[in-house]
Structures are given as structure tokens and as C-alpha cells.
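Take a look at the letters that make up each chain.
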Amino acid sequence: MTGTKIDGKIIAQTVKDRVKKSTDELKKDGINPCLATVLVGNNAASATYVKNKHKACDEVGIITKDHKLEENTTQQQLNSIIDELNQNSSVHGILVQLPLPQHLNEFETTSRISPLKDVDGLTPHNAGLLAMKKAVLVACTPSGVMEMFDYHNIELEGKNIVLINRSNLVGKPLYHLLLEKNATVITCHSRTKDIEKFCQEADIIITAVGDRTKFILTPEMIKEESIVIDVAISRFENKLVGDCDYERIIEKASFATPVPGGVGPMTVAMLLKNTITAASLGTQIGRQ
């Protein structure tokens, strides 16, 4: 029996509709939600991602400020731009597109963003709040995955979940979000022995490796009626792929996400939601 497709495009649109409504309400109060993006260098993929984020903002009425910096931008110059955006009251969200050129320090850069404008949820402050179950601004991809579970009324409490990723952007935030839902979470990574055994015992598998030459999640690695969330996206044999072959996985899983069209649209939608949340936070603080 074929499982249910988790369509990220449809779910993302429901998020966008809510964001549009919230944007309109804020504008009635004289607040124009604004997202500032910072792109350093000439990475074509990063430029495309930023362009798509601007387009999505335009669809829901969020203003954007685009900052394109040269490849040889120094850390001091980048810090200065972030400081200016932190102090600009008309800017509610700040997004520095990753990855940065190798000579720039990612931790120093993300740490410099005001936690109140940290729409990527990557500052130590917001990451710490997430671990304490107090986060308001959460990394976009993990929160997008949780939105998918909510949309399909997938119960997480008591479920055995295998998470194949330990990055600050995906794996670590997702670990805490899943724990909040009382799931039992096992984090696997490049040094994990016998990943297949863990996967075969999992109720839910969330995979985000992003390199088909190193890892592929096959139907033989999952149990019947399990749920597979494929966060990965990369180019392999001239096409965009995730960590698994959706057409084969969906024949065995109860739910699965395609690539593209799965988690990807959710990441952008949750960025919009975080921007509105940040605009609301700024308004509340301003009234105190």
C-alpha cells in the first residue's frame, strides 16, 4: 500500500496565509515587517536562495532590505553591517546567508545578530532558550518539519525517532523540538556504527545528510508503515535529490516527503513566520 505524500508546497502555503494575515494586522498598527538579508560573495546557490526568500516576503507583504557584499569582505566589515542592522528599528529580522566564505567566522557572525532579530534561530542565546524549552525564534528547517507533523496530526509522543544529522542548523534544534513532544530521539551521524539497525527500528526517520555518494536511505533500511522526512537536498546525476528515493520509500512508509517539494518550501515559510514574530517582539518591547 502506498503511503501519504507530505506535500511541503501545500503546507507552506497554509503558513504563508497565516503570515499574510498577521502582516496585514501589524500594518494596521503602523508596523511594516522588514527582513534584512546579507549575502557575502558570489555563491550561485546562495544567491538563488536569497532571491527566493525575497520573493516569498513580497508575496506576504514583508519588506526586504538586500545587502550584497564582496567576496573579500572582512570580518570587521561584516560585523559593522550587522551592528547597523541591529540598531535599525525599521529592521525586524536579520538573515546572514550561509555558508560564508572560508575566511569569515560563522559563529562570530551569527552570534553578533541581536537575538530579537535572529530569524534563523542560530544565536547562542536562542539556541540556549530552545534547550530550555523557552525559544520563540527557532531555526526554520526544524520548525518547518514540526509544522509538517502538526498538519498531518502525526503523534510524536512515545515514538522512536532516528535523526540523521547533528548540525546546528538542523539536527541539534530538531533534537530539542522532538524531545519537547516526548519522543525518544536517537541522533546518528558520520561516526555512527550500523545506522541501518537504528533505522530499521525507528517509527520515524528524519534524514539530512545531503550527499548521495556517502549515504542513501533505502526501503530495506526502514520498517513497514514508518514515517520518512527527507531534509537533504543536493544535485546528483544532474537532478535535485534528497537522501532517499521517494518513489521507492513511499511504497513502504506511511508518510514521506519528496525532494524537491517537501521540506524546502517549509524552510522559507517558517522564515516568514519568524520575521513576523520578530516584528511583534520588537513592538512589545517598544511599548514597555
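Residues numbered from 1 in each chain as written. Predicted model: local features only at pLDDT ≥ 70, side-chain atom pairs only at ≥ 80, totals over all residues. Heavy atoms only, no water.

**Student:** Is there a simple way to explain the pattern of salt bridges in this structure?
**Tutor:** A side chain with one charge may pair with a side chain of the opposite charge, provided their charged atoms come close. Tallied over the entire structure, the rule returns 10 salt bridges. Its salt-bridge partner being Arg18, residue Glu147 comes within 3.0 Å of it at the nearest N-O pair. With a gap of 129 residues between them, Glu147 in helix H6 (residues 140-151) and Arg18 in helix H1 (residues 8-28) connect regions that are remote in the sequence. Assessed through its relative accessible area of 13%, Glu147 is described here as buried. We note a salt bridge from Lys28 to Glu25, for which the minimum N-O separation is 3.5 Å. Taken as a pair, Lys28 and Glu25 lie in helix H1 at a separation of three residues, close to a single helical turn. (Salt bridge = Lys/Arg side-chain N within 4 Å of Asp/Glu carboxyl O. Helix = DSSP H or I, 4+ residues; strand = E, 2+ residues; numbered from the N terminus. Buried < 20%, exposed > 50% of the residue type's maximum accessible area, 1.4 Å probe, protein only.)

**Student:** So what exactly am I meant to see when it comes to the sheet that holds strand S5 (residues 160-164) here?
**Tutor:** Sheets are built from strands that pair by backbone hydrogen bonding, the pairs being arranged parallel or antiparallel. A sheet is described by the order of its strands in space; here six strands give the open sequence S1-S11-S8-S7-S5-S6, paired in parallel fashion. Looking at the sheet topology across the chains shown, the edges are occupied by strand S1 (4-5) and strand S6 (184-188). For S5 and strand S7 (residues 204-207), the ladder comprises four bridges, and the chain directions are parallel. Paired with Leu163 across the bridge in S7 is Ile206. (Pairing = 2+ DSSP bridges.)

**Student:** Whenever I open this one, the sheet that holds strand S3 (residues 63-69) confuses me. Can you help?
**Tutor:** Taken in spatial order, the three strands make up an open sheet running S3-S2-S4, and their pairing is parallel. Edge positions in the open sheet fall to S3 and strand S4 (93-96), since each of these has one partner strand only. Between one strand and the next, the sheet's axes are offset by a mean angle of 15°, whatever the strand orientation. Examined bridge by bridge, strand S2 (residues 34-40) and S3 share seven bridges and lie parallel to one another. For Thr37, the partnering residue across the bridge sits in S3 and is Asp66. (Axes fitted to C-alpha atoms, helices over the stretch in contact; angles between N-to-C directions.)

**Student:** I would appreciate a short explanation of unusual backbone geometry in the present structure.
**Tutor:** The bulk of non-glycine residues show a negative phi, and the bulk of peptide bonds are trans. Looking along the chain, the bond that leaves Leu98 and enters Pro99 is cis, with omega of 5°. Structurally, Pro99 is set in the loop between S4 and helix H4 (106-112). Of the consecutive residues Val259 and Pro260, the connecting peptide bond is found in the cis state with omega at 0°. Along the chain, Pro260 falls in the loop between strand S11 (255-256) and helix H10 (263-287). Located in the positive-phi region is Asn153, a residue other than glycine, with phi close to 50°.

**Student:** Would you explain the nonpolar core in this entry?
**Tutor:** What tends to happen in soluble globular proteins is that the nonpolar side chains get buried as a cluster. Counting residues in hydrophobic clusters, the biggest one holds 50 residues, and the most contacted among them are Phe149, Leu178, Ile206 and Ile229. Among the elements that make up this core, the one with the highest residue count is H10 (11 residues). When neighbours within four sequence positions are excluded, Ile206 is seen to be in contact with Val145, Phe149, Ile161, Val162, Leu163, Ile164, Leu174, Leu178, Ile229 and Val231. (Core = buried A, V, L, I, M, F, W, Y, C linked by side-chain atoms within 4.5 Å. Contact = heavy atoms within 4.5 Å.)

**Student:** What is the right way to look at helix H2 (residues 44-60) in this model?
**Tutor:** Turn by turn, an α-helix covers 3.6 residues, leaving residues three or four places apart pointing in a common direction. Helix length check: H2 (17 residues) gives 25 Å between terminal C-alpha atoms against 24 Å at 1.5 Å per residue, within 8%. All of the buried residues in H2 are Ser46, Val50, Lys53, His54, Ala56, Cys57 and Val60. With its buried residues spanning 160° around the axis, H2 presents them on a single face. In H2, those exposed residues whose orientation departs by more than 90 degrees from the buried face are Ala44, Lys51, Lys55 and Asp58. Two or three places before Ala45, at the start of H2, stands the capping residue Asn43, its side-chain oxygen 3.0 Å from that residue's backbone nitrogen. Gly61, located one to two residues past H2, shows a positive phi value of around 90°. (Expected span 1.5 Å × (residues − 1). Arc of directions from axis to C-beta. Polar contact = N/O pair within 3.5 Å; in protein donor to acceptor, adjacent residues only side chain to side chain.)

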